[in-house]
Each structure stands twice: as structure tokens, then as C-alpha cells.
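Overview (structure and organization)
Single-letter residue listing:
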Amino acid sequence: MSSEEKTLTARDLRVEFGLPGGRVARAVDGVDLDVAPGEIVALAGESGCGKTTLARTLLGLERATGGTVAFDGVPLRYSTRALKAYRRQVQLVLQDPTGALNPRHTVYDAVAEGLRIHKIHDDEPGRVAEALSRAGLRPPEQFFLAYPHELSGGQRQRVVIAGALVLQPSLLVADEPVASLDASVRGEILSLLLRLKEEQGLGALVITHDLGLAWSIADRIAIMYLGRIVEQGPVEQVLTAPRHPYTRALVSVLPAAPAVKAAVAEPIVLAGELPDASKIPGGCRFRPRCQEVASGNAAAVLHQCSGEDLHVLGPEAEPHLVACHLDRALHGDAKMAA
Ligand SMILES: Nc1ncnc2c1ncn2[C@@H]1O[C@H](COP(=O)(O)OP(=O)(O)OP(=O)(O)O)[C@@H](O)[C@H]1O
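On a predicted model such as this, the values are computed, not experimentally measured, just so you know.

1. Overview of the nonpolar core
In this structure, Leu-33 and Ile-221 are the most contacted members of the largest nonpolar core, which totals 99 residues. Aside from chain neighbours lying at most four places away, what touches Ile-221 is Ala-42, Ala-44, Leu-211, Ala-214, Glu-231, Gln-232, Gly-233, Val-235, Val-238 and Leu-239.

Structure (C-alpha cells):
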């Protein structure tokens, strides 16, 4: 990343939760991530890998146990006033527009809420109209007095996005932004995010378990496994030439996207379930489920897989990064060793 301007950065971010019996869940266990304006980054991985905890921590809704979150080069501060100022710049868009909207509030009130919280009183109707229009609800005045139940699922999600846009943020953090929508309107909302990026330079971190979605809209992708990013890089490189065994397994079961499918011919079924975040295996955390270990392909590096943790992937190094001992042996990347 050439400039830190308006970039959201996480460095060695860690979030732990205390559990009964003195156990500790390491939900986010060392993450470096950058999201710049005008860039869409997809954060992908199966349920329970820590995506939501990472997103909440980037927004200051959760406190990091270690590491830093910074925006525009300034570390996040957690006073009410500092968080309020921060959230004008970095806005959250939630998965379920029905849950995010108060059924008794009109569209106008839903979108104006952020302005009122931030005490922005000048030209409220103009700002609300502009945000609705940017979110693709045109003519905006026609939606002012509508209630959520009078709108389609896609329109409701556009209202939620307008509620974020009204504060003119630099970045959106969108948690599964189309997961609750019908397939027919998913494309519309994804196109909207793309348009906001291209026409208005808005950046977004899009959290998804759907690699097909990431393929359609993201510039970069970060694949998360058990609290860590195990592979990241330009979306095309990562999905057409996945290098981490976990990414290869995810790509192998992707139903669509022929260009991506070609990368891994046979479906790879991973052994077992995602381990509990309080029981992260030592060495490579993916080892107990790794198909390369199971097949014997990783025999030459097995001692490392069993006993040597991998570095947190840093955003400053080469664009396509992989945290895998076997990949390091094959590609000779000395940076990967712990
Ligand atoms: N408040 C909490 N207390 C204890 N453990 C938690 C808490 N929040 C999350 N965890 C644990 O942290 C891990 C990561 O959870 P998280 O919800 O961030 O994953 P996720 O990838 O977003 O999953 P999903 O897609 O299902 O939302 C899980 O093992 C979860 O059980």
C-alpha cells in the first residue's frame, strides 16, 4: 500500500474471549490487514473462523487483546467521542436489512438517524435524498415516507446502505451483505457496491463465506482459518491459482465460476470440523485437516507442520502471500518461517 491515507489497518490483531473453566478462545489470533479507499477486500472463511469478531474489532465494537487497529495512520481510541468520530469514516452494513431497520421508522428517519446522532443538522432532507439516490433508490423523495414492510428485500438493503452513506464514510465494513437476499437481487446490491467504489472511491471490507461473491466484486481476498489469515492476495490470483491447501479445498467445492473451478479439478473434502477457537492446534493450525498431510505429500516438511507456527502474513510483502510450510518449500519463500 503506497499511502496510509484513509486506510484501515490491522497489525498483529488479537482478540481473546475468556470461557468457563479458565479456557480462552483465540477468535482472532494475529491478523494483519489493510483496506484502502477505492478498494474492495473480501474476508472469507468458514463459519466460526473469526470473521465477525475481526470485523467488530476493526469497527471498535470489540476491544483487541493485542495488536492495533488504525485508521488514516491514527490508532483507534475507545472513548465514546473518538469512536463516534471514527464511525463517521468507517460504517458497518449488516447482513439482515429487516433486523437492521426499525419497522416503525420511515425510510427518511432510518437514513437521517446517523445525521441526528452526529448532530449534522444542515440540509437534512438534501443529505437523505442524496444518500438514497447514491444507494440507487430514485427518485429518493418517493421513498421518504415508506416503511420497511412496504419495500422489497433489495430495497431494504439499499436503505441500510443509504443509512451508512449519509455520513459520507471512506469505508464500509459489510458483514455478509447479500446473504439474506434472494439470488435475483444479490447481483444488484453487489453492483451497487462496485459502483460506489468506482464512481466515488468508497472502499469496503466484505465479509463472506461465499468465494463466488468475492470473485465478483473484490480486488483482494483474505482467506481466514481459525483466527488467522492463511492466504491473501489479488482475488484473481488467489482463486485461480490457490496455494494454501485450505483455499484449494474451498475453491474445489465452488459451484460456479468456471475460471476458478479450473484451478482445482476434483472436490477436496476436508477431514473433521473446524476446531474450537480455544483448542488451536500447535504448529500449523490447519495440519489436522490438511489434505497434503493426509496424502503424504507434505512428508518432507511434516516436522515443521507439527511443530512450527507460521508468521502472521504481512501486507507489506509481496502481493500473494501464503502461510503454509509446504508452499514455502515449493516456492522457497523464506519470509514464511517462524
Ligand atoms: N463473545 C464470545 N465469547 C466466547 N467465544 C466467542 C465469542 N465470540 C466469538 N467467539 C468464538 O470465536 C470464534 C470465532 O467466532 P466468529 O463469530 O468471529 O466467527 P465467524 O467466522 O464470524 O463465524 P460466522 O460466520 O458463523 O459468524 C468461534 O470459535 C466463536 O465460538
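2. Let's talk about a nonpolar patch on the surface
Among the surface-exposed residues, Leu-61, Leu-92 and Leu-94 lie close enough to one another that they form a single nonpolar patch of about 220 Å² accessible area. Looking at where Leu-61 falls in the secondary structure, it is placed in the loop between α1 (51–58) and β4 (66–71).

3. Topic: the pairing of strand β10 (residues 228–234)
Extensive coverage of β10 is indicated by the burial of six of its seven residues. Taking the residues that link successive antiparallel strands as the turn, the strand β9 (residues 220–225)-β10 hairpin has two residues, and the phi of Leu-226 there is positive, at about 50 degrees. Two elements, β10 and strand β11 (residues 321–322), share two bridges in a ladder whose sense is antiparallel. Residue pairing for β11: Glu-231 is matched across the bridge by Val-322.

4. Regarding α1
Extensive coverage of α1 is indicated by the burial of six of its eight residues. Here α1 has its buried residues at Lys-51, Thr-53, Leu-54, Ala-55, Thr-57 and Leu-58. Positive phi shows up at Gly-60, right after α1, with a value of about 80 degrees.

5. Section: the state of the cysteines
One pass over the structure, following the stated rule, counts zero disulfides. Cysteine Cys-290 shares no disulfide, and the gap to the nearest cysteine sulfur, in Cys-324, comes to 6.3 Å. Summary of cysteine pairing: Cys-305 is not part of a disulfide, and the nearest cysteine sulfur, belonging to Cys-284, is at 6.0 Å. Accessibility expressed as a relative area gives 6% for Cys-305, which makes it buried.

6. Focus on the packing of helix α6 (residues 153–165) against helix α7 (residues 183–200)
Viewed as axis vectors pointing N to C, α6 and α7 meet at an angle of 20 degrees, and their least axial separation amounts to 10 Å. Looking at the two axes, α6 sits roughly parallel to α7. Between α6 and α7 the crossing geometry is right-handed. For the pair α6 and α7, contact is made by Gly-154, Gln-157, Arg-158, Ile-161 and Leu-165 and by Val-185, Glu-188, Ile-189, Leu-192 and Leu-196, respectively.

7. Digging into the sheet that holds strand β2 (residues 24–35)
If you trace the four strands from one edge of the open sheet to the other, you get β2-β1-β4-β5, paired in antiparallel fashion. Of all the strands in the sheet, just β2 and β5 (74–75) have a single pairing partner and so form its edges. Two strands pair when backbone bridges link them, and β4 and β5 are joined in this way by two bridges, in the antiparallel orientation. Bridge assignment links Phe-71 to a residue of β5, and that residue is Val-74. In this fold α1 packs onto β1 (8–18), β2 and β4, with an angle of close to 120 degrees to the strand it touches most, β1.

8. A short note on the UniProt feature "domain: ABC transporter" (unreviewed entry) in the protein chain
According to UniProt, the positions carrying the feature "domain: ABC transporter" (unreviewed entry) are residues 8–251. As annotated, residues 8–251 comprises 39% helix and 26% strand, and the C-alpha atoms at either end are separated by 27 Å.

9. Considerations on unusual backbone geometry
In this structure, Pro-139 follows Arg-138 across a cis peptide bond, with omega equal to -10 degrees. Along the chain, Pro-139 turns up in the loop between α5 (124–134) and α6. Here the phi dihedral of Gln-168 falls at roughly 50 degrees; this positive angle occurs in a residue that is not glycine. With respect to the element layout, Gln-168 can be found in the loop between α6 and β7 (171–175).

10. Re the site of the ligand
Neighbouring the ligand are the residues Phe-17, Leu-19, Ala-27, Glu-46, Ser-47, Gly-48, Cys-49, Gly-50, Lys-51, Thr-52, Thr-53 and Ala-277. Gly-48 is positioned such that a nitrogen or oxygen atom in its backbone is 2.7 Å from an oxygen atom of the ligand. Interatomic distance of 3.0 Å between a backbone N/O atom of Gly-50 and an oxygen atom of the ligand. Calculation on the ligand without its partners gives an accessible area of 630 Å², and the protein chains cover 61% of this total. A per-element tally of the shell around the ligand places α1 first, with three residues. The class makeup of the residues in the shell around the ligand is five nonpolar, five polar and two charged.

Definitions and cut-offs
Residues numbered from 1 in each chain as written. Predicted model: local features only at pLDDT ≥ 70, side-chain atom pairs only at ≥ 80, totals over all residues. Heavy atoms only, no water. Core = buried A, V, L, I, M, F, W, Y, C linked by side-chain atoms within 4.5 Å. Buried < 20%, exposed > 50% of the residue type's maximum accessible area, 1.4 Å probe, protein only. Contact = heavy atoms within 4.5 Å. Patch = residues over 30% accessible without salt bridge, like charges linked within 9 Å, V, L, I, M, F, W, Y side chains within 5 Å. Areas by Shrake-Rupley, 256 points an atom, 1.4 Å probe, with all protein chains shown as cover. Salt bridge = Lys/Arg side-chain N within 4 Å of Asp/Glu carboxyl O. Helix = DSSP H or I, 4+ residues; strand = E, 2+ residues; numbered from the N terminus. Pairing = 2+ DSSP bridges. Disulfide = S-S within 2.5 Å. Axes fitted to C-alpha atoms, helices over the stretch in contact; angles between N-to-C directions. Parallel < 35°, antiparallel > 145°, perpendicular 65-115°, else oblique. Left-handed = near helix turned anticlockwise from the far one by under 90°. UniProt positions renumbered as here; feature names shortened; annotations may be inferred. Near = heavy atom within 4 Å. Polar contact = N/O pair within 3.5 Å; in protein donor to acceptor, adjacent residues only side chain to side chain. Nonpolar A, V, L, I, M, F, W, Y, C, P; charged D, E, K, R; others polar.

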